[in-house]
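Understanding the architecture of this molecule
Single-letter residue listing:
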Amino acid sequence: MIVESIVTTVAPDGAVNIAPMGVEWGDETLVLKPFLETTTWRNVSANGVAVLNLTDDVYIFAAGAIGTPSFPTVPAKVVSGVVLEAACSWRELEVAEVNATPPRARLTMRVVHHGTRREFVGFNRARHAVLEAAILCTRLHLIPRAEIEAAFARLRIPVEKTAGPREWEAWRLLEDHLRRGLAG
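Below is a summary of the structure that appears in this document. (Residues numbered from 1 in each chain as written. Predicted model: local features only at pLDDT ≥ 70, side-chain atom pairs only at ≥ 80, totals over all residues. Heavy atoms only, no water.)

Further remarks concern the packing of aromatic side chains. The description of two aromatic rings rests on the distance between their centres and on the angle between their planes. Going through the model one piece at a time under the given rule, you end up with four aromatic pairs. Note on F120 and F123: the rings are 5.5 Å apart at their centroids and 75° apart in plane angle, and the pair reads as edge-to-face. A cation over a ring is seen here: R104 above F35, with NZ or CZ 4.5 Å from the ring centre. (Phe/Tyr/Trp six-rings, centres within 6.5 Å; stacked < 30°, edge-to-face > 60°. Lys NZ or Arg CZ within 6 Å of the ring centre and 35° of its normal.)

Its 13 residues place the ends of helix α3 (residues 125–137) 18 Å apart at the C-alpha level, agreeing with the 18 Å of an ideal helix rising 1.5 Å per residue. Among the residues of α3, the N-terminal cap falls to N124, whose side-chain oxygen and the backbone nitrogen of A126 are separated by 3.2 Å. (Helix = DSSP H or I, 4+ residues; strand = E, 2+ residues; numbered from the N terminus. Expected span 1.5 Å × (residues − 1). Polar contact = N/O pair within 3.5 Å; in protein donor to acceptor, adjacent residues only side chain to side chain.)

Turning next to the pairing of strand β8 (residues 106–116). Examined bridge by bridge, strand β3 (residues 29–32) and β8 share four bridges and lie antiparallel to one another. Along β8, the bridge assignment pairs V31 with T108. Between the antiparallel neighbours strand β7 (residues 89–99) and β8 lie six residues. (Pairing = 2+ DSSP bridges.)

This part covers the pattern of salt bridges. Summed over the entire model, instances satisfying the criterion amount to twelve salt bridges. The partner of R166 in a salt bridge is D57, with the nearest N and O atoms 3.0 Å apart. One end of the pair, R166, is in helix α5 (residues 165–183); the other, D57, is in the loop between β4 (49–54) and α2 (58–66), with 109 residues separating them in the sequence. Across the salt bridge formed by R166 and E169, the nearest N and O atoms sit 3.3 Å from each other. A residue pair is termed a helical-turn pair when its members lie 3 or 4 positions apart in one helix, as R166 and E169 do in helix α5 at three residues. Overall, R166 belongs to the partly exposed group, its relative accessible area being 31%. When salt bridges that share partners are traced, they join D56, R118, R127 and E167 into one network. (Salt bridge = Lys/Arg side-chain N within 4 Å of Asp/Glu carboxyl O. Buried < 20%, exposed > 50% of the residue type's maximum accessible area, 1.4 Å probe, protein only.)

Let us look at the nonpolar core. If you look at the biggest cluster of nonpolar residues, it comprises 39 residues, and the most contacted ones within it are V130, F152, W171 and L174. Of all the secondary structure elements, the ones that give two or more residues to this core are β4, α2, β6 (82–84), α3, α4 (145–162) and α5. In terms of residue count, the dominant contributor to this core is α3 (eight residues). The residues contacting V130, other than those within four sequence positions of it, are V58, A62, V159, E167, A170, W171 and L174. Formed by 16 residues, the second largest nonpolar core is a distinct cluster that contains V3, V7, M21 and V23. (Core = buried A, V, L, I, M, F, W, Y, C linked by side-chain atoms within 4.5 Å. Contact = heavy atoms within 4.5 Å.)

Of the strand pairs in this sheet, strand β1 (residues 2–10) and strand β2 (residues 16–24) are connected by nine bridges, and their pairing is antiparallel. When the sheet's bridge partners are listed, V7 is paired in β2 with A19. Taken together, β1 and the strand that follows it, β2, pair antiparallel across an intervening segment of five residues, in which G14 is found at a positive phi of about 95°.

Here you go:
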């Protein structure tokens, strides 16, 4: 099963990277599949650790899908990494196995610590729509314009019906990105 999460990694110079990523879920091991040209891959290759954050704040997914955001973090407990302050729960991970066959690595990561800050309430329809729109924004170069615009139009309906202020903020961020991306 693939679970949408936010993966945090730290570069050798201490710079924090925040990246949305679908991961293969397991209780004792998780599989990350970053593209080889990404900061996530470079950081995990350099230090062998990552933190998987589960959050219900879809703005973090939206911002991470279209840029390199910065959000408040705290130090991880066991690995040399960081946990998002907005994480409901997290898993601290160490590399167990690496397959670096292009274009994506396959990193089997062992869970060495997990923590919970608060209950994960889940995603309402607007949050699901924002998550799907964020994924579409990472594929502007792969999917025909008309298909993306039609998907956004469909996804806007549940946002209009069920979004709160944070979901609207995320939705507008993605719509602006889509307009800029399709205009170029």
